[in-house]
Amino acid sequence: MEVIEHHRRARATTATRHWTPRLESWLQRPSIALVILIGSLLLTGAAWWAARLFALDDARLRFERRTDDVQSRIERRMASYEAVLRGGVAMLSAQPDFDRKAWRRYVETVQPERHYPGIQGFGIARLLRPDQVDSHEAAVRTEGFPSYSVRPAGARELYSAISHLEPLTGRNLRAFGYDMLSEPTRREAMLRARDTGLPAMSGIVTLVQEDGRNIQRGLLLYLPVYRDAQGQLTGPAEHVQPDRLWGWVYAPFRVNDLMNGILGTDTGSMALRILDGAKVAPPSDSTVSPGAVAASVQAGATESFYNSDPASAASAARIAAASRLHLTRSLAFGGRTWTIEYSGTDFESAADTWQANLVAVCGISIDLLLFWSIAALARNKAKVEREVQAQTAASQARLATLTAVSGLSPDAVLVFELDDDGLHRLVFTNPAFSRWFGLRPEDLLGLSERAVDEWLDGLTHADEAMPPLQQGDAHIVLAGPPRRVLERRCREDKCQRVYYFRDVTYQSEVERLKNEFLTTAAHELRTPLASVYGFAELLLHPQIDAEHRERAAQIIYRQATVLKHLVDELLDLSRIDSLRGRDFVAEDVDLQRVAEQCIEALTQPDAPHRLRLRPAVSTARAQVDPAKIQQALTNVVGNALKYSGADTSVEVGVECCTQDDQPWIGIKVVDQGIGMNAEAVEHAFDRFYRADPSGHILGAGLGLSIVREILDIHQGRVELHSAPGVGTTVTLWVPALAPTQTEYIAPPEPADALS
Amino acid sequence: MRRWRGHDVPMIERQPSATMNRILIVDDQPDLRELVRMTLEIDGHEVHEAADGAGALQAVRQLSPELVLLDVMMPGGMDGIAVCRALRADSTRRRLRIVMLSARGQKVDIEAGRAAGADAYLPKPFSPRQLLDVVSRLL
């Protein structure tokens with residue numbers, strides 16, 4: 001027995017999208033979750049690193065843009081200071097009758113405190129030879145400054161004096177009259193301006209204006225003023241003539257105020273440090289402006305004169321080293337070179353990498369979620385697989401039970417299951433089906449009902465076409481051999497249809513025999529009845545004469561006797577059939593004695609010599625029911641008497657033989673009657689068969705049938721030899737008892753003596 | 001005597017028919033042949049007997065009866081149906097009347113008799129009066 005599943009359709013669908021289940025099963029392997037986790041973590045790391053790189057690059061770019069911005073702001077501011085000073089020079093040259101009032105108006109117009117923060121004032125320093133000092137002091141004193149003097153006092157080769165300084169209030173009063181040539185740093189810048197004719201920026205100094213409170217670094221910007229050939233004041237000519245120098249227009253700056261004015265308070269997250277002089281650029285510094293290279297005349301400037309973040313001034317170098325955003329640029333102005341160190345603060349660096357960190361955090365969260373869900377998927381799949389395995393095992397056990405049970409079943413079974421197409425397809429057959437229909441399961445499994453019908457159609461009896469399976473319950477006759485009558489039943493539920501085939505050959509055969517027997521019996525009863533009925537009616541007819549009446553009465557009597565016999569024998573047969581030996585009373589019987597009693601009963605008074613019993617030759621004991629054996633013998637002897645002439649005799653004798661190593665005892669009845677031909681002998685035991693159908697000999701044709709039934713119950717047999725015109729010999733054989741005694745039994749007297 | 005009336009069905013007194021007809025009864029049972037003979041002789045018919053199919057055909061050839069009563073179930077090679085067919089096949093005996101007698105009274109049996117060409121079908125046991133009625137109707 002085998003069972004197939006419906007692969008055919010399933011295969012067709014998997015062929016079209018076979019990779020999907022493969023991918024799914026690959027994804028559902030338990031180890032794959034870890035692999036995916038590691039892979040995704042690596043990817044996340046790469047993404048974090050890339051994002052960080054981009055952010056840092058971006059931050060650097062912005063930082064550089066801001067340094068550019070700051071740098072250009074400083075440059076523009078310094079250029080604008082220079083322009084204001086040039087304006088002062090221009091005013092001097094434009095006004096030959098220049099006086100202190102005009103200078104004040106100029107400065108007031110410029111509004112330095114408003115437009116040029118950090119600038120302390122605009123001033124004019126006169127160059128004085130030693131012989132000019134006294135006359136200069138006198139001249140200024142006459143202008144309303146009685147305490148004016150050129151300071152510091154002392155004999156020098158060359159003097160200068162701040163003769164004008166606006167606004168001339170507060171701190172600036174301290175500088176009024178100051179000889180800036182007396183101090184080397186200022187002197188260097190002043191002489192450089194005189195010699196080059198260009199604006200000159202001084203090094204870092206402490207301004208004389210400082211009064212001890214909030215002391216700041218200071219620096220000064222000088223523009224030289226010359227006298228031309230006509231004695232007019234003028235700016236530097238095409239060819240600078242230092243000996244014609246008249247003085248300087250200059251501006252002092254306080255560095256912090258200056259830078260705050262330039263940068264405002266918004267240095268943001270950037271710190272900067274300005275050093276006087278060119279710094280030797282270390283190779284790691286990325287950008288160095290070309291101007292710085294060109295103007296790196298001063299060297300060794302290591303101390304900063306400005307720091308935007310004074311609190312961390314001490315650790316500025318450390319910050320610069322630690323920060324990734326660090327840039328050193330040079331600024332050339334007024335003949336001096338400044339080195340400006342910019343550095344992004346830690347905060348800025350951190351702020352720039354928060355996106356990368358967010359990427360990392362989100363990525364890791366997603367990775368973990370992915371890992372968790374894939375692991376859960378794999379766990380679920382394993383669980384489902386275990387459950388499926390358990391279910392499969394259970395269903396296989398159930399199937400095995402079903403198979404075993406159906407294998408033992410005498411009924412054939414077909415199970416159809418509804419498939420996706422709405423067709424019922426065969427999924428199960430049992431051995432009984434294969435045996436009866438001669439079809440192997442592999443021929444049929446998977447077929448639809450219609451296809452199975454075609455297979456079965458050829459097997460049915462030619463006269464009785466099989467109704468299609470879908471018609472449900474039916475009777476089917478298989479051609480065989482052996483011919484079988486099957487009863488088909490159908491049971492159906494939602495998705496299954498089960499057909500049972502029950503072999504009812506025996507029942508239908510019994511039914512058929514029973515009907516046939518009844519028909520025959522009725523016919524046999526009608527035949528004598530026809531005579532009885534007909535003659536009885538004739539007896540009532542007035543035209544029948546006495547002779548005919550007599551004759552009719554005789555026939556009626558005779559046929560009524562036949563009827564009686566018939567009914568008796570039918571009853572006998574029916575009893576034997578229905579009891580089937582259950583009323584069998586076995587006794588240890590001497591068959592010789594049975595024969596004697598039978599002959600005694602049958603011997604007719606008018607012909608006592610016709611029946612003869614041969615004397616016994618040995619013990620004839622058997623385990624039989626004496627009444628039944630006597631009935632059988634009576635039938636046989638009765639036949640012998642009926643079918644032989646009145647002048648012939650019938651001989652009865654008991655015999656022994658051995659057949660199949662078994663002792664048998666037989667009662668033999670020999671007559672010299674009409675005998676039977678071979679065909680009659682063949683049918684002699686059929687019910688209602690008559691050796692002489694003419695009706696002269698009374699009988700129903702059931703006698704020998706009854707004899708055989710009785711002998712069958714005794715496990716005996718009936719032997720019949722006959723020849724037409726010679727006579728018939730019938731022997732009733734029953735199994736003999738083993739001879740328990742060897743005593744000699746005297747032959748009884750001849751049968752005729754008994755009558 | 002009016003004992004005839006003791007029957008379920010009242011019977012009328014029958015007069016011998018004017019013409020005497022020759023009738024053949026074919027049956028394997030002597031008692032039944034005698035019943036038919038005795039019955040038909042009431043009406044003054046001339047009755048001949050045959051015990052089997054072969055005898056029946058021979059008797060018909062020799063006697064040329066007007067009517068044959070045929071038992072269906074008979075021993076030997078020919079049963080009543082076969083005899084009936086054989087008689088009907090003989091075109092010279094168009095006027096021959098055939099009545100089938102049988103212990104089998106089923107519809108199929110009657111149909112078989114009609115198909116074979118019988119004029120009437122009498123199931124056994126039959127009443128002699130019935131037989132007389134059938135015979136007089138056919139002749």
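One can find the structure itself at the top, above this paragraph.
Here's a quick rundown of the structure. Given the structure is predicted, the values throughout are model-derived calculations rather than measurements.

Let us now look at the nonpolar core. All names here are of chain A. The biggest cluster of nonpolar side chains holds 48 residues, and the ones touching the most others in it are Trp103, Phe122, Met259, Leu272 and Trp338. Take this core: its biggest share by element is 11 residues, from helix H3 (residues 30–94). Those residues in contact with Trp103 that lie beyond four places of it in its chain are Gly88, Met91, Phe98, Phe122, Gly123, Ile124, His164, Leu165, Glu166 and Val249. If you look at the next biggest cluster of nonpolar residues, it comprises 46 residues, including Ala521, Ile629, Phe685 and Val730.

Before going further, it helps to examine the packing of aromatic side chains. Residue and element names in this part refer to chain A. The final tally for this structure, using the stated rule, is 10 aromatic pairs over all chains. Measuring from centroid to centroid gives 4.9 Å for Phe145 and Phe176, while their planes differ by 70°, and the two rings are edge-to-face. Placement of the pair is Phe145 in the loop between helix H6 (133–142) and strand E2 (159–166) and Phe176 in the loop between helix H7 (172–175) and helix H8 (184–196), with a sequence separation of 31 residues. Residue Phe176 is classed as buried on the basis of its relative accessible area of 8%. When the centroid spacing of 5.6 Å and the interplanar angle of 90° are considered together, the rings of Phe416 and Tyr499 count as edge-to-face. Taken together, the positions of Phe416 in strand E11 (residues 412–418) and Tyr499 in strand E15 (residues 496–503) put the pair 83 residues apart, joining distant regions of the chain.

Residues and elements named next belong to chain A. Along the chain, the position of Arg708 falls in helix H21 (residues 703–713). Once the C-alpha coordinates of Arg708 and Glu719 are considered, the two residues, 11 residues apart in sequence, prove to be 9.9 Å apart. Every residue in contact with Arg708, bar those within four places of it in the chain, is listed here: Phe685 and Val718.

Moving on, we come to the pairing of strand E21 (residues 717–723) of chain A. Residues and elements named next belong to chain A. Bridge count for E21 against strand E22 (residues 727–735) is seven bridges, and the pairing is antiparallel. Note on E22: the bridge partner recorded for His721 is Thr729. What sits between E21 and E22 in their antiparallel hairpin is a turn of three residues, with Gly725 showing a positive phi close to 80°.

Residues and elements named next belong to chain A. Taken together, five strands build an open sheet; the order of strands is E17-E19-E20-E22-E21 and the sheet is mixed. Strands with a single pairing partner mark the edges of an open sheet, and in this sheet they are strand E17 (611–613) and E21. Sheet twist, expressed as the mean angle between neighbouring strand axes with direction ignored, is 25°. Relative to E22, strand E20 (residues 662–670) is paired through seven bridges, and the arrangement is antiparallel. Directly across from Gly666, in E22, lies its bridge partner Trp733. In the packing of helix H18 (residues 591–602) onto the sheet, the strands contacted are E17, strand E19 (650–659), E20 and E22, and the crossing angle to E17 comes to about 165°.

All names here are of chain A. For the bond from Arg151 to Pro152, the omega torsion is -15°, close enough to zero to count as cis. Topologically, Pro152 is positioned in the loop between H6 and E2. Residue Pro167 is bonded to the preceding Glu166 through a cis peptide linkage, with omega at -10°. Mapped onto the fold, Pro167 is located in the loop between E2 and H7. Here Gln111, not a glycine, exhibits a phi torsion of approximately 50°, which is positive. Looking at the element boundaries, Gln111 is found in the loop between helix H4 (100–110) and helix H5 (112–115).

Calculation criteria
Residues numbered from 1 in each chain as written. Chains lettered and ligands numbered in written order. Predicted model: local features only at pLDDT ≥ 70, side-chain atom pairs only at ≥ 80, totals over all residues. Heavy atoms only, no water. Core = buried A, V, L, I, M, F, W, Y, C linked by side-chain atoms within 4.5 Å. Buried < 20%, exposed > 50% of the residue type's maximum accessible area, 1.4 Å probe, protein only. Helix = DSSP H or I, 4+ residues; strand = E, 2+ residues; numbered from the N terminus. Contact = heavy atoms within 4.5 Å. Phe/Tyr/Trp six-rings, centres within 6.5 Å; stacked < 30°, edge-to-face > 60°. Pairing = 2+ DSSP bridges. Axes fitted to C-alpha atoms, helices over the stretch in contact; angles between N-to-C directions.

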